[in-house]
Amino acid sequence: MSRHNVLLVVADSLRARNTSVLGYRRETTPFLETFAEEATVYTQARSPSNWTVPSHVSMFTGHEVHEHGVDHTARLDAGHTVFEALADAGYDTGLFSDNPFLTDHESGLDAVFQTTVGSPEQYDSAYETNGSLGDWPNGFWYADRTLEWVSERDGEWAACVNLMDTHRPYEPLAEYDVWSDERSRDMQESMGFKWHWEFLSGNLSLGFASILEQIYDGAVRQADAIFETLLRGLDEQGVLDDTLVVFAGDHGEGFGEPTAIPDEPPAVSHRIGTHDAMYHVPLVVRAPGQRHGHRVTDLATLSRFPDAVRSLALGEGRADGPAFVPPDGTVVASQAPIGPAMREEAERVCGDAAPFAKHARLVYHDRPGDAVRKRAAWGESAHESVLQGRAGAAEDREIDAALVREQFGDDRYADVDIATPLDGYTEFEDASDTQFAGDLDDRLEALGYR
């Protein structure tokens, strides 16, 4: 049976509700809309967590976040990811990203790949961002490096491209930055890299967070254009039709949306909370040779990526229905509490870290049509709602948090140990005593993680 190449493109912090392929009022994803004519669009896809490391580990391994335990205090052990399985099967594997959590972090995600391309020391001025908040290339640089790498492969290949263009700070090029204005750009630049704490503390009105969304939409448009560059390049090389293509956000982003749980903070940026803006992500998939597009309104999860690779690229059996849809119609997601460094920052800015230092546990169940039922627990408080389409909600009510937590008691991977605790490494934001130094340390701070 023939095998196929694999391309996973992850737009970091890309939420579903701001993509026009899912009905957003601004034309943020025109290429995705064209691509969808020959692809499968999952309208109710959820990410495994609300930030990068745990979500990527779930995508790579198929294990849920509460099962694999790789957050900011554990290292992924070798031999548990689909990319390693592909390498063992003779594939060349590569990771391309400006995200230091993927390419340099002690959690070990870079070790999963045979080739890793991270932040360059130098790059052509054509790849500069449209901003002054940092010195790094935009995602077109990583698209071009990916295409160069693919052109040098003699056999099957599998690549993961993580685009940081949709991650704060938002710095889209002028041709894509069509909805912001000087006020919004100046505001972002003046707030510094840790602006989420200013909003969460109440020092800044949440109304200003929605102003940043204007720049974010341009960043989404840019990520869409980068994806187009990648696919057109693969087509020119004559390998696109023989490639499983998966485009997704690894988690979403908040712009001050109020939460249904009274003691939960509003949704600002990501990493803290249960708001669906941080978990509902776009997911568009084209199987090798697919020519007809269709939409799947069933509940889907990114954790099924390894299953999709095995069924659609390796031909190991047939997928039971759409590749990313769990057979039982249930999806879980979770977030570990913030660690010592974030607690310290929360106390410094907000006065009290307790409102932000809780477990987030979410359980989604499929519903008829383009809808899901969501049960979410924030600490000991919990809420249930029915979510319609891209951003609608109805049937809100409080519930017992035990109804959510019981879903996490059955660990189907209890006999599989895939993580090793990091020796002396306690929190990703506090990098002063780790190997992070110089440019990498600056990059982490520029992303708001220190």
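Nothing here was measured: the structure is a model prediction, and the numbers come from that model. (Residues numbered from 1 in each chain as written. Predicted model: local features only at pLDDT ≥ 70, side-chain atom pairs only at ≥ 80, totals over all residues. Heavy atoms only, no water.)

Colleague: Just to check I follow, could you spell out unusual backbone geometry for this structure?
Modeller: The bulk of non-glycine residues show a negative phi, and the bulk of peptide bonds are trans. Residues Arg 168 and Pro 169 are joined by a peptide bond in cis, for which omega reads -10°. Along the chain, the position of Pro 169 falls in the loop between β6 (157–163) and α7 (182–191). The phi dihedral of Ser 13 falls on the positive side, at around 70°, and the residue is not glycine. With respect to the secondary-structure elements, Ser 13 resides in the loop between β1 (5–11) and α1 (30–35). When its relative accessible area of 0% is taken as the criterion, Ser 13 is described as buried. Phi at Arg 271 is positive, roughly 90°, even though this residue is not glycine. Residue position: Arg 271 is located in the loop between β9 (267–269) and β10 (280–286). Classification of Arg 271 as buried rests on a relative accessible area of 2%. (Helix = DSSP H or I, 4+ residues; strand = E, 2+ residues; numbered from the N terminus. Buried < 20%, exposed > 50% of the residue type's maximum accessible area, 1.4 Å probe, protein only.)

Colleague: Would you mind going over the sheet that holds strand β13 (residues 360–367) with me for this structure?
Modeller: One key point about sheets: their strands pair by backbone hydrogen bonds, in either a parallel or an antiparallel sense. Strand order in the open sheet formed by 5 strands is β12-β13-β14-β15-β16, with antiparallel pairing between adjacent strands. Only two strands of the sheet have a single neighbouring strand rather than two, namely β12 (330–335) and β16 (392–398). The sheet shows a mean angle of 20° between the axes of neighbouring strands, direction not considered. Relative to strand β15 (residues 381–388), strand β14 (residues 371–378) is paired through 8 bridges, and the arrangement is antiparallel. In the sheet register, Arg 375 faces β15, and the bridge partner there is Glu 384. (Pairing = 2+ DSSP bridges. Axes fitted to C-alpha atoms, helices over the stretch in contact; angles between N-to-C directions.)

Colleague: What exactly am I supposed to notice about the sheet that holds strand β11 (residues 294–301) here?
Modeller: On the basis of which strands lie adjacent, the open sheet formed by 8 strands has the order β5-β4-β6-β1-β7-β10-β2-β11 and mixed pairing. The two strands at the open ends of the sheet, each matched to only one other strand, are β5 (115–117) and β11. The average undirected angle you get between the axes of adjacent strands in this sheet is 15°. Examined bridge by bridge, strand β4 (residues 92–97) and β6 share 6 bridges and lie parallel to one another. Bridge assignment links Asp 92 to a residue of β6, and that residue is Trp 157. Each of β4, β5 and β6 is contacted by helix α6 (residues 139–151), which is oriented at about 165° to β4, the strand it contacts most. (Contact = heavy atoms within 4.5 Å.)

Colleague: Honestly, the side chain of Asp 217 in this entry has me stumped. Any pointers?
Modeller: Among the structural elements, Asp 217 can be located in helix α9 (residues 206–236). Side-chain polar atoms of Asp 217 contact the side chain of Arg 26, separated by 2.5 Å. (Polar contact = N/O pair within 3.5 Å; in protein donor to acceptor, adjacent residues only side chain to side chain.)

Colleague: So what exactly am I meant to see when it comes to the nonpolar core here?
Modeller: One recurring pattern in soluble globular proteins is that nonpolar side chains are buried together. Counting residues in hydrophobic clusters, the biggest one holds 78 residues, and the most contacted among them are Leu 7, Phe 35, Leu 212, Phe 227 and Leu 231. For this core, the element with the highest residue contribution is α9, accounting for 13 residues. Setting aside anything within four residues of it in sequence, one finds Phe 35 in contact with Phe 227, Leu 231, Val 245, Val 284 and Arg 286. The next biggest cluster of nonpolar side chains, apart from the first, holds 44 residues, and it includes Ala 45, Leu 109, Ala 308 and Phe 324. (Core = buried A, V, L, I, M, F, W, Y, C linked by side-chain atoms within 4.5 Å.)

Colleague: Is there a simple way to think about the packing of α6 against α9 in this case?
Modeller: The relative placement of two packed helices comes down to the angle between their axes together with the axis-to-axis distance. Put simply, α6 and α9 touch, their axes get as near as 9 Å, and they point 15° apart. Taken together, the axes of α6 and α9 are roughly parallel relative to one another. Seen from above, α6 lies across α9 with right-handed handedness. Contacts between α6 and α9 involve Gly 139, Phe 140, Ala 143, Asp 144, Thr 146, Leu 147 and Val 150 from the first element and Gln 222, Ala 225, Ile 226, Thr 229, Leu 230, Gly 233 and Leu 234 from the second. (Parallel < 35°, antiparallel > 145°, perpendicular 65-115°, else oblique. Left-handed = near helix turned anticlockwise from the far one by under 90°.)

Colleague: When you look at a negative patch on the surface in this model, what are you seeing that I'm missing?
Modeller: Taken together, Asp 181, Glu 182, Asp 186 and Glu 189 make up a surface patch of like negative charges. Judged by its relative accessible area of 40%, Asp 186 is partly exposed. (Patch = residues over 30% accessible without salt bridge, like charges linked within 9 Å, V, L, I, M, F, W, Y side chains within 5 Å. Areas by Shrake-Rupley, 256 points an atom, 1.4 Å probe, with all protein chains shown as cover. Salt bridge = Lys/Arg side-chain N within 4 Å of Asp/Glu carboxyl O. Lys, Arg positive; Asp, Glu negative; His and termini not counted. Charge placed at Lys NZ, Arg CZ, Asp CG, Glu CD.)

Colleague: I tried to follow the pairing of β13 on my own but got confused; where do I start?
Modeller: Looking down a regular strand, the side chains alternate between one sheet face and the other. Within β13, 6 of the 8 residues are buried, which leaves it mostly tucked inside the rest of the structure. Pairing analysis gives 6 bridges linking β12 to β13, with the strands arranged antiparallel. Looking across to β13, one finds that Val 332 is bridged to Val 363. As judged from the 8 bridges shared by β13 and β14, these two strands associate in the antiparallel manner. Residue pairing in the sheet places Arg 361 in a bridge with Ala 377 of β14. Linking β13 back to β14 in an antiparallel pair, the connection comprises 3 residues, with Gly 369 at a positive phi of about 75°.

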